[in-house]
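Below are the chains, spelled out letter by letter.
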Amino acid sequence: MDALTASAASHDGDGGFQPLHPAAPFIWRVVGVPATTIVAGVVVAIVLAAAGPELAAAIAGVLALVGIGVAAWHPTLRYRYWRYRVGDDALELRHGVWFRTSAAVPFHRIQQIDVEQGPIQRRYDVVTLRLRTASAMSDATVPHLAAAEADLLRERLLIAARPTTADDGH
Amino acid sequence: MPEHPAITTTSGTTGISGISGISGISGIASEPSRLHPMSPVIDLLVWLPRMWPVFLVAVAQSWGIVAVATGVVVLLATRVVAWWRTTYAFDGAELTVAGGVWNRTVRRVPVARLQQVEVVRKLRHQALGVSRLRLQLANAGSDDGDVLLDVLSVADAEALKSALEQFRREAVAGVSSATAIPPPPAHELLRLDPKLLALGGVTGASLLLLPAALVAALQVLDDVGLDDDAGEVAQRLPVVGFAVAAVILSFVIAATLAALRNHRFRLSRRSADLVIERGLLEQRATTVPIARVQLVRLHRNVLRRWLGLASVDIATSGRSTSDGAGSADDSVPVARWDDAIAVSLVALGGREVVAADRAAASVAVDRLVRRRLLIAVALTGWLPILDSGARGVVAVAVVALLVVVGLVARASGRSRRHGIGPDVVVVEAGALAWSRALVPIDRVQSWRTSQSPFQRRHDLHHVHIHLSGRRHVVVRDATGAQAAAVVAAVRRTEHVEIAR
C-alpha cells in the first residue's frame, strides 16, 4: 500500500473519494473578496442611480448582508462537495454545490501535469494540480491539495499515464 | 542525424527533392529552402487592402503620394526580409520551419503528428501560379497550431504534400521508406454535381440569408409608405416586387456561393486517407487520415430531410478556424442521404455503428418543453401589456407563438436519442435542425456529467463527452441509468483503442 492509498484509506467513507485541504474554504474566501467587492460596488451604483440615496442605503445594506453571507457560506459548502479519487483507470472528480459535476480523466489520456501555487496557497503549503489532455474541454483541475499529497498524486498519475500504444491517434 | 536522407525543396524550380528511393520523388538537397520568390508580392496583396484608411488619409495631403509610395516600398522591403529569413526543410521525420525577422523561431513538426495536409489556392495564388500548404496538428484549439507555408510553387506544394503523407503513413505503420509500398490510386467515393451543390446552398445557408432579406425588404416597405393610402396598390407593386426580388436574390447568391466554394467537389479514398478536393475561386485539396478522425456528424434541417439530403462533418483534432480553413468541418456540404451515411461509415474506418435506440425519457421531454416555454414567456409574455391599442392582437400572436414553441420543443425532446455500440456512441438531437454525432469510443479524451438542482428532482444528467481540441458531444437530460450506461461505454476508451 503506497502513501496515497494509505491517505485514501484514512479519508475513506465516500467510496474512496477524498476531500481537499482544509484550508481550501479560507483560500476561496480570500480569492473571492475582489470579485465580491466589485459586484457589490456595481450593485450599489445601480441602486443609487435608480432609487436615490435613502432607499439605496437600505437596499445596499440588505444586499451587502446577503452577499457577505453567501460569500462566507458558499466556500464551506463548496469544500464539502469537492471530492477526488484515483480510480482503476481514471482520475475522478466530484464537485459543485448547485450544479453537481462528476468528471473523469483516463490515465492514458493525460498529456501533461502542472502543479501551481499562488501566494495564499504558499502560506498553507497547498497547490493546484492541473491535468491536461488533448481536449481543451477536459475538467481536470484539483485545487488546494496539500503539497506532499499532490506530489504523490502526480507521481502516481505519471506512472499510470505511460503510453501503452505507439500512436494515440491525435 | 536524421535516419532519413535530408529532404528539402527548391522552390519554383524542380519541386521536392531529397527523397531517394521513394516512388516518384528523387534528388537530394542538403540545405533548407525558401518559399517561392513571389512570397513578398503575395504578402503585399494581403497587407495593402487592410491599410486603405491610412492611404485614404495620406492621399488627401500634399505629401500624400510620396508618403504612400514610401510606405509601400518599406512594406515590400520588410516582406522581402521576412521571405529571406523564412526557410523550411523536411528530413523524412520532421518538417522544420524557421522564420522571424527580429525574433527567430524554429518549429519542428514530427510527421507522425500531422492531422491533415491541405493545399489551398486562393485567387491570388492562382493568379501568380503558386500554392499554399497548410499542415494541421492536434493542438487543443491553440492559435499557433497550424503550420502554414503560404507561397510555394504548385509543383513544390504537391510534392511536399505527397512526401509528408507518405512519410506519415510509414511513421504510423512503423515501416521504413525502403520497404514502403506506393499508395494505391484514389478510389472515388462521392462527386457532387453543380445542381446538387446549388440545391445544397439554397437549403443550407440561404435559410439564414432569407430572414435577413425579408427584414430588409420589409424595412423598405415601411420606409416607402405602408402608412400611406392603402388604395395605392399600383405604388406598392414595385415595392412588393423588390421584396420578392430580394428573396430570389438571396437564394441565387446562396446557390452561387455554394457552387463556387465546392466546385468540382470530389471525395475519394486513397489508402487510409480521405482526400477532399473542391473550389473554383479558392481551390482546396485536403487529406484527412482516417486514423485521425475524432468525430463524424451528419446534419440536416427540415427542408433537407424532406428532400432526402444531408451534410457530413468529418473532424480531426486540429483547430477548427472560423472560416473553416484548415478544418474538415462541412467536409461534405450536401449529399443524398444514402451517400452521406456511406461517407460517415468510411470515415469511421470500419467501426461498428449502431442505431440510436435509447430515446429521451418523457420526464426529460417535459422538462425541455417547460424550459423553452418559460424562456418564451419571459421574452414575449409582457408584450400584450405594452400596447393598449392592439392588446388583443398581440395577445393572440403571443399565444400562437407559445403554442409553436411548445410543439417544436416537444418535437426536439422526442428527437433526442442515443445509442451505444462496441465502437461508437451515437447521439441524435434536433427537430428543425437535426444532427447525428458518431463518437468513436477509442477517441474519447475525458467525460463529465453535470446536474442542476432542477435536473436532480428527476434524476436527469447531461453527459459531456470530450474529444481532442474543443470538440465535444453532449447527451442531454439522460436518466440516471442512461447516463451510467454512456459513462460505462466511454470508460472503455483505452480497451477499445488497444483492441483496434
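Our subject is the structure listed above.
Computed from a predicted structure; not experimentally measured.

### Details of the sheet that holds strand E6 (residues 105-110) of chain B
Residue and element names in this part refer to chain B. Overall, antiparallel pairing links the four strands, which are arranged E3-E4-E5-E6 in an open sheet. What marks the edges here is a single partner per strand, and that holds for strand E3 (33-34) and E6. With two bridges joining them, E3 and strand E4 (residues 87-90) adopt antiparallel strand pairing. In the sheet register, arginine 34 faces E4, and the bridge partner there is threonine 87.

### Digging into the packing of helix H1 (residues 39-50) of chain B against helix H3 (residues 64-85) of chain B
Two numbers describe a pair of packed helices, the interaxial angle and the distance between the axes. Residue and element names in this part refer to chain B. H3 packs onto H1 with a crossing angle of 135 degrees between their chain directions and a minimal axis gap of 9 Å. Regarding the angle of H1 to H3, the classification is oblique. Considering the relative orientation of H1 and H3, their crossing is right-handed. Note on element contacts: H3 touches H1 through Val72, Leu75, Leu76, Arg79, Val80 and Trp83, opposite Ser39, Pro40, Asp43, Leu44, Trp47 and Leu48. Residues belonging to the contact of H1 with H3 are distributed by class as follows: nine nonpolar, one polar and two charged.

### Quick notes on the pairing of strand E20 (residues 433-440) of chain B
Residues and elements named next belong to chain B. Most of E20 sits inside the fold, with seven of its eight residues counted as buried. Of the strand pairs in this sheet, strand E14 (residues 295-301) and E20 are connected by six bridges, and their pairing is antiparallel. The partner of valine 296 across the bridge, within E20, is leucine 438. As consecutive antiparallel partners, strand E19 (residues 424-429) and E20 are separated by three residues, and within that stretch glycine 430 has a phi angle of approximately 110 degrees, a positive value.

### Focus on helix H11 (residues 362-380) of chain B
Since the α-helix advances by 3.6 residues per turn, residues separated by three or four positions end up pointing in the same direction. Between its first and last C-alpha, H11 of chain B extends 27 Å over 19 residues, near the 27 Å set by a 1.5 Å rise per residue. Along its buried surface, H11 of chain B packs onto helix H12 (383-386), helix H13 (391-415), helix H14 (453-457), strand E22 (460-466) and strand E23 (472-479) of chain B.

### Some words on a nonpolar patch on the surface
Residues and elements named next belong to chain B. On the surface, Val240, Val244, Ile248, Leu249, Val252, Ile253 and Leu257 cluster together into a nonpolar patch covering about 600 Å² of accessible area. Relative to the helices and strands, isoleucine 253 resides in helix H8 (residues 233-261). The partly exposed category is assigned to isoleucine 253, whose relative accessible area is 39%.

### Re the nonpolar core
All names here are of chain B. If you look at the biggest cluster of nonpolar residues, it comprises 30 residues, and the most contacted ones within it are Leu190, Leu267, Val312, Ile314 and Val332. Put simply, the parts of the chain that give this core at least two residues each are helix H6 (194-203), strand E12 (273-278), E14, strand E15 (309-315), strand E16 (332-336), helix H10 (337-347), E19 and E20. With residues up to four places along the chain from it excluded, the contact list for leucine 190 reads Phe265, Arg266, Leu267, Val332, Ala335, Asp339 and Val343.

What counts, and at which threshold
Residues numbered from 1 in each chain as written. Chains lettered and ligands numbered in written order. Predicted model: local features only at pLDDT ≥ 70, side-chain atom pairs only at ≥ 80, totals over all residues. Heavy atoms only, no water. Pairing = 2+ DSSP bridges. Helix = DSSP H or I, 4+ residues; strand = E, 2+ residues; numbered from the N terminus. Axes fitted to C-alpha atoms, helices over the stretch in contact; angles between N-to-C directions. Parallel < 35°, antiparallel > 145°, perpendicular 65-115°, else oblique. Left-handed = near helix turned anticlockwise from the far one by under 90°. Contact = heavy atoms within 4.5 Å. Nonpolar A, V, L, I, M, F, W, Y, C, P; charged D, E, K, R; others polar. Buried < 20%, exposed > 50% of the residue type's maximum accessible area, 1.4 Å probe, protein only. Expected span 1.5 Å × (residues − 1). Patch = residues over 30% accessible without salt bridge, like charges linked within 9 Å, V, L, I, M, F, W, Y side chains within 5 Å. Areas by Shrake-Rupley, 256 points an atom, 1.4 Å probe, with all protein chains shown as cover. Salt bridge = Lys/Arg side-chain N within 4 Å of Asp/Glu carboxyl O. Core = buried A, V, L, I, M, F, W, Y, C linked by side-chain atoms within 4.5 Å.

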